[in-house]
Every structure is written in structure tokens, then in C-alpha cells.
Amino acid sequence: MDIAIQISNLDLFYGAFHALKNVNLKIERHKITALIGPSGCGKSTLLRALNRMNDLIQGCRTTGEVLLEGKDIYGPGVNVCELRNKVGMVFQRPNPFPLSIQDNVSFGLRVAGQKNSAILDEIVEKSLQNAWLWEHVKDKLETSALELPLDQQQRLCVARVLAVEPDVILMDEPCSALDPISTAKIEELMLELRRRYTIAIVTHNMQQASRISDYSAYMLLGEMIEFGITTQIFENPKDKRTEDYITGRYG
Ligand SMILES: Nc1ncnc2c1ncn2[C@@H]1O[C@H](COP(=O)(O)OP(=O)(O)O)[C@@H](O)[C@H]1O
Ligand SMILES: [Mg+2]
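Computed from a predicted model, the values in this text were never measured in an experiment. (Residues numbered from 1 in each chain as written. Chains lettered and ligands numbered in written order. Predicted model: local features only at pLDDT ≥ 70, side-chain atom pairs only at ≥ 80, totals over all residues.)

K.L.:
Looking at this model, I keep getting lost on the sheet that holds strand S10 (residues 223–229). Mind explaining?
P.N.:
The strands making up a sheet are joined through hydrogen bonds of the backbone, oriented either antiparallel or parallel. Spatially, the six strands line up as an open sheet ordered S6-S7-S8-S3-S9-S10, and their pairing is mixed. Of all strands in the sheet, those bounded by a partner on one side alone are strand S6 (87–90) and S10. Neighbouring strand axes in the sheet, compared pairwise and without regard to direction, differ in orientation by 20 degrees on average. Sheet topology places strand S7 (residues 168–172) next to strand S8 (residues 198–202); five bridges connect them, and they run parallel. Along S8, the bridge assignment pairs Met171 with Ile201. (Pairing = 2+ DSSP bridges. Helix = DSSP H or I, 4+ residues; strand = E, 2+ residues; numbered from the N terminus. Axes fitted to C-alpha atoms, helices over the stretch in contact; angles between N-to-C directions.)

K.L.:
Which parts of the structure should I look at to understand the packing of helix H3 (residues 101–111) against helix H6 (residues 150–162)?
P.N.:
Think of two packed helices as two axes; the pair is described by the angle between the axes and how far apart they sit. In the contact formed by H3 and H6, the axes pass within 7 Å of each other and the chain directions differ by 35 degrees. Our pair here, H3 against H6, has a crossing hand that is right-handed. Taken together, the residues of H6 that come into contact with H3 (itself represented by Ile101, Asn104, Val105, Phe107 and Gly108) are Leu156, Ala159 and Arg160. When grouped by side-chain class, the residues that make up the contact of H3 with H6 number five nonpolar, two polar and one charged. (Left-handed = near helix turned anticlockwise from the far one by under 90°. Contact = placed C-beta atoms within 7 Å. Nonpolar A, V, L, I, M, F, W, Y, C, P; charged D, E, K, R; others polar.)

K.L.:
Just to check I follow, could you spell out helix H4 (residues 117–130) for this structure?
P.N.:
Each turn of an α-helix holds 3.6 residues, which means side chains three or four residues apart point in the same direction. Taking 1.5 Å per residue as the helical rise, H4 with its 14 residues ought to reach 20 Å, and the 20 Å between its terminal C-alpha atoms agrees with that figure. For H4, the complete set of buried residues consists of Ile123, Val124, Ser127 and Leu128. Viewed end-on, H4 has its buried residues packed into an arc of 130 degrees, placing them on one side of the element. Among the exposed residues of H4, those oriented more than 90 degrees off its buried face are Ala118, Ile119 and Glu122. Contacts from the buried residues of H4 go to H3, helix H5 (134–137) and H6. Phi for Trp132, located one or two positions after H4, is positive at around 55 degrees. (Expected span 1.5 Å × (residues − 1). Buried ≥ 20, exposed ≤ 12 C-beta atoms within 10 Å, placed from the backbone. Arc of directions from axis to C-beta.)

K.L.:
Before we go on, may I ask you to explain the pairing of strand S3 (residues 32–36) in this structure?
P.N.:
Of all five residues in S3, five are buried; the element is thus mostly enclosed. Side chains Ile32, Ala34 and Ile36 project from S3 onto one buried face, and the interleaved Thr33 and Leu35 project onto a second face that is buried too. Relative to strand S9 (residues 215–220), S3 runs parallel, the two being bridged by four bridges. Across the sheet, Thr33 pairs through a bridge with Tyr215, a residue of S9.

Shown next, in the form of C-alpha cells:
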């Protein structure tokens, strides 16, 4: 197994509330790993722990290790901005900035100090192409991203992540605001992106997890209950609690 991220003994507290309990998980490179489990079990918390987005939450404390390329992202001397470029995130609701399409995609590069407009233009085009959006927007790069339909806004958010050359893409229920056709498009896009990126996705849609993921991790009440190849998790779960959830017997 070629491992992109190795999570070891991860505990996370929101104040006194113990939200992640001794989580261990290996995320394989160039595969799609789905985090599944009932609402409130800690899927989003775990995803955010992988690029230290939880740092932004007051009173949140994390212990344990998250190794990215063998280096602990919670260790000393980590540049959190660089980390968040390497481990990008796409959220439930598309969240383009109130800027032009072009400026959304080039945002991270400009923040990092890139001023060369030829370089910016080239990366914007490439990122939009790789997010399957270029053909839709190439003639209106200056218009506001907020004018795009929702599914294109979500692919724009993917393009914004791709522009800063990530290794890992985290997606937190990226299709939950989309209709079935737009959802299918994002799923297809994810399968294409998997060739070059490692993907971790939170989904409450069991069909989606079984359609697109290579591995699935079932969480319950902050614990990692079972992890395995997706077909095994869905067809032959080892833990009774996983089986109950998969077969819809969960509460
Ligand atoms: N910012 C926060 N402050 C306090 N508790 C939180 C915060 N975010 C999430 N939680 C709690 O942590 C648990 C896990 O939440 P979350 O990771 O959002 O679950 P999921 O994504 O699986 O629905 C829940 O009990 C939730 O109420
Ligand atoms: Mg969530």
C-alpha cells in the first residue's frame, strides 16, 4: 500500500467533548477513500484534521499523529498555508469567493505572491480544464463566480484547489447541494482526478460511496469502527455495527 496520509492514535476534543477517539487510518495514494457513518459521528472533524482546518475552531485540541509524506502535520515547524495547499478541501456548499471566475482560480497563487499574468493565465486555464469547466467559462472569465450555476460553482471550487497543486483533495459531502445529473458529473470527475491525486470524501450517500470509492471507513461516535476495501465493507462487513448501518438498520 502506497500511503499518502497515515493517521495514528488521533484524538480530538472540542472543549470537553471527545469528538475523535484514537483514530487510526491509512489513506492510500491515488485512491478514493470514503468516510461514512451516521450524522455527528465525526466524519467532517476527521477530514478537517487532515489539513488542520480544526485549528480555526476555538477550544479544539488534537493529539496523535497525522503523517503526510512521512512528516507529522501537527509537528513543529509546519507551515499551515503550505499544508492547506498540499491538502486542499472542497465543501458541502460551493463557496466561491465574490470575485471573478479567473480571480477565484488564481487566488491561492496570488496570495503566495505570483504576479506574472502569463503564468497565472496558464494555470487558470489548466485548472479549469482539469475541473471540466473551461469550455463553459472560457469566454467569461471576468464575470462573477457567483453567477455560475451551482454545479459549475462546485467545479470552480475544485479548480481553485487544483491551481495550487495539491497532493490530496478532501471533499466533504461535495454533492449534497447538487441534483443527480450534477452529482454524476462530480463523481466522474473524481474518478478522473484519482489518477493524479489522493482523494478522501465524506458522504452520507451509500450508493455514492460504493460507486466511486476504493476504500471505505465506517465511523460511529468518534470511533473508527471498520476500514477496508469498499466491496468488502459493503458486501461482507466484519463488524456488526457496520453491517447494521450498511443495511439501513441503524436508528
Ligand atoms: N465546532 C464544534 N464545536 C463543538 N462541537 C462540534 C464542533 N463541530 C462538530 N462538533 C461535534 O462533534 C461531533 C462530530 O461532528 P462532525 O464531525 O460534524 O460529524 P459528521 O460530519 O460525521 O456529521 C458532533 O457531535 C458535533 O456536534
Ligand atoms: Mg459532516
